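Structure assessment
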Amino acid sequence: MALVVQKYGGTSVANIERISNVARRVAKTYDQGNDVIVILSAMAGVTDSLIALAHQAVEEPDKREMDVLLATGEQTTAALLAMMLRAKGYQAQSMLGHQADVVTDSAYGNARIIEIGAKPLRKLIDRHTIVVVAGFQGYDIKGNITTLGRGGSDTSAVAIAAAVKADVCEIYTDVDGIYTADPNICPKARKLKSISYDEMLNMASLGAKVLQIRSVGFAKKYDIPVHVRSSFSEEEGTMVVNEDSGMEQLLVSAVSHDKNQARITITKVPDQPGIAAKIFSPISEEGIVVDMIIQNTRQGGKTDMTFTVPKVDFKRTMQITQKVAGEIGAEEVMGDTDIAMVSAIGVGMKNHSGVASVMFNTLARENINILMISTSEIRISCVIEEKYTELAVRVLHTAFGLDDEETQV
Ligand code: ADP
Ligand code: ASP
Ligand code: MG
């Protein structure tokens, strides 16, 4: 008998028929003699609709109240699944984040899990009750409801799996595993049998939303095997595990894209010591994460700075930057949300040159202009116009020899 944690994402619970499919799968796992904890997302599109609704109500929704609102999406699916399981004759019970003792910090909208008191979950599991936990939510020490950031149900699932010492954490989604690129935009992407935590951390940090990055961090820290698979088939998916997979031998092992970044440029900044701190400190004080930064020196002691932030933080960052620009005597602040970042990832590129030139030449051949470049030992990222994302991913996937030649397209 095993203790299995299963997480079902938004498309897997998009309507009653699909929730009923989830109930069937959960029941089957239970009937095979396992204890089951299920973590659910909101129905596909519901979190987006709730965000839109809040913005119809007020221009800048209060962050605490926003989390109270967003948490209802997961509350709905958890209750529906629990009642369906009970109607089938199973002992099942739903739990909200605070009932499952998911304790977080108070960063509304992007809270981090501090700890999960496993007791309430354990108590039910010991009675062989199927527990259905609302994902994406927790509570802070003052008792306020918090949410864990977009895609946060993955993190709920892995953290709960760690807290109860589950044998496996299964992530059921709308693709049948982790691929060398997003299979929805790159038909020749190859499915991986397994991938190491570190490789997956890289991919997630560069936009592969199949797993929220924090969930991979938890899995690595607590050594939880994560099985990413489809809720619509019985096929084996991809194991995210500790040991290195064969992928590491490759120069480039995956191509990722991220459409969730925005670009801000501040022109004619006085080129003096301390100026970067003046620009970026107020942004980071708001909890906004700046990714790429490029500085171009002009003549006459002036410089232009360009940087990227998550799209959700774009408006706020523009406001802050405009204020700072006035204070430091910069000329203008420009913003652009129609951008995307494409990245070639590979631990193998550490000791090789030439990856960058393949990337630049490949994009140039397609007439795709590179707006920003950033490199590290194991990745090269280019910011391009958003409309070229799909094309860029496909041509780079081919250029780096990653295509699955058996795929018919
Ligand atoms: P869920 O709602 O189940 O959490 P998500 O939409 O958050 O599902 O994540 C699954 C999606 O991740 C897929 O539909 C796919 O478009 C995307 N994705 C991005 N990169 C990859 C990749 N390398 N392998 C598999 N899926 C990927
Ligand atoms: N419902 C949340 C979202 O859409 C959390 C999740 O699905 O993981 O981001
Ligand atoms: Mg997700």
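Structure report, in brief. Fair warning: this is a prediction, and the values are worked out from it, not measured in the lab. (Residues numbered from 1 in each chain as written. Chains lettered and ligands numbered in written order. Predicted model: local features only at pLDDT ≥ 70, side-chain atom pairs only at ≥ 80, totals over all residues. Heavy atoms only, no water.)

**Quick notes on the environment of Pro187**
This is how the line gets drawn: Elements are defined by DSSP. Helices are runs of H or I of four residues or more, strands are runs of E of two residues or more, and each kind is numbered from the N terminus.
Within the fold, Pro187 resides in the loop between strand E9 (168-173) and strand E10 (194-196). Considered as a pair, Pro187 and Asp404 are 217 residues apart in the sequence and their alpha carbons are 8.8 Å apart.

**Quick notes on the site of ligand 2**
For the record, the criterion: A molecule or strand has a residue near it when one of that residue's heavy atoms lies within 4 Å. Polar contacts, as used here, are pairs of N or O atoms within 3.5 Å; protein pairs need one atom able to donate a hydrogen and one able to accept it. Residues neighboring in sequence count only if both atoms are side-chain atoms. Using a 1.4 Å probe, accessible areas were evaluated by the Shrake-Rupley method; residue-level cover was limited to the displayed protein chains. Three classes are used, and their members are as follows: Ala, Val, Leu, Ile, Met, Phe, Trp, Tyr, Cys and Pro are nonpolar, Asp, Glu, Lys and Arg are charged, and the others, Gly among them, are polar.
Surrounding ligand 2, one finds Ser41, Ala42, Thr47, Glu74, Phe136, Arg150, Gly151, Gly152 and Ser153. Backbone polar atom of Gly151 to an oxygen atom of ligand 2: 2.9 Å apart, as the coordinates give it. Here Ser153 contributes a backbone N or O atom positioned 3.0 Å from an oxygen atom of ligand 2. Protein contacts shield 86% of the accessible area of ligand 2, which totals 260 Å² for the unbound molecule. The class makeup of the residues in the shell around ligand 2 is 2 nonpolar, 5 polar and 2 charged.

**Examining the sheet that holds strand E13 (residues 254-258)**
Note the threshold: Each pair of strands is called paired provided DSSP finds at least two bridges between the two strands. Fitted lines through C-alpha atoms give the axes, limited to the stretch in contact for helices. The angle between two N-to-C directions lies from 0 to 180 degrees.
If you trace the 4 strands from one edge of the open sheet to the other, you get E13-E18-E20-E19, paired in antiparallel fashion. Both outer strands of the open sheet, E13 and strand E19 (372-376), are each paired with one neighbouring strand and no more. Strand-to-strand twist of the sheet, defined as the mean angle between neighbouring strand axes without regard to direction, takes the value 20°. Where strand E18 (residues 339-345) meets strand E20 (residues 379-385), 7 bridges bridge the pair, whose relative direction is antiparallel. Of the residues in E20, the one forming a bridge with Ile339 is Glu385.

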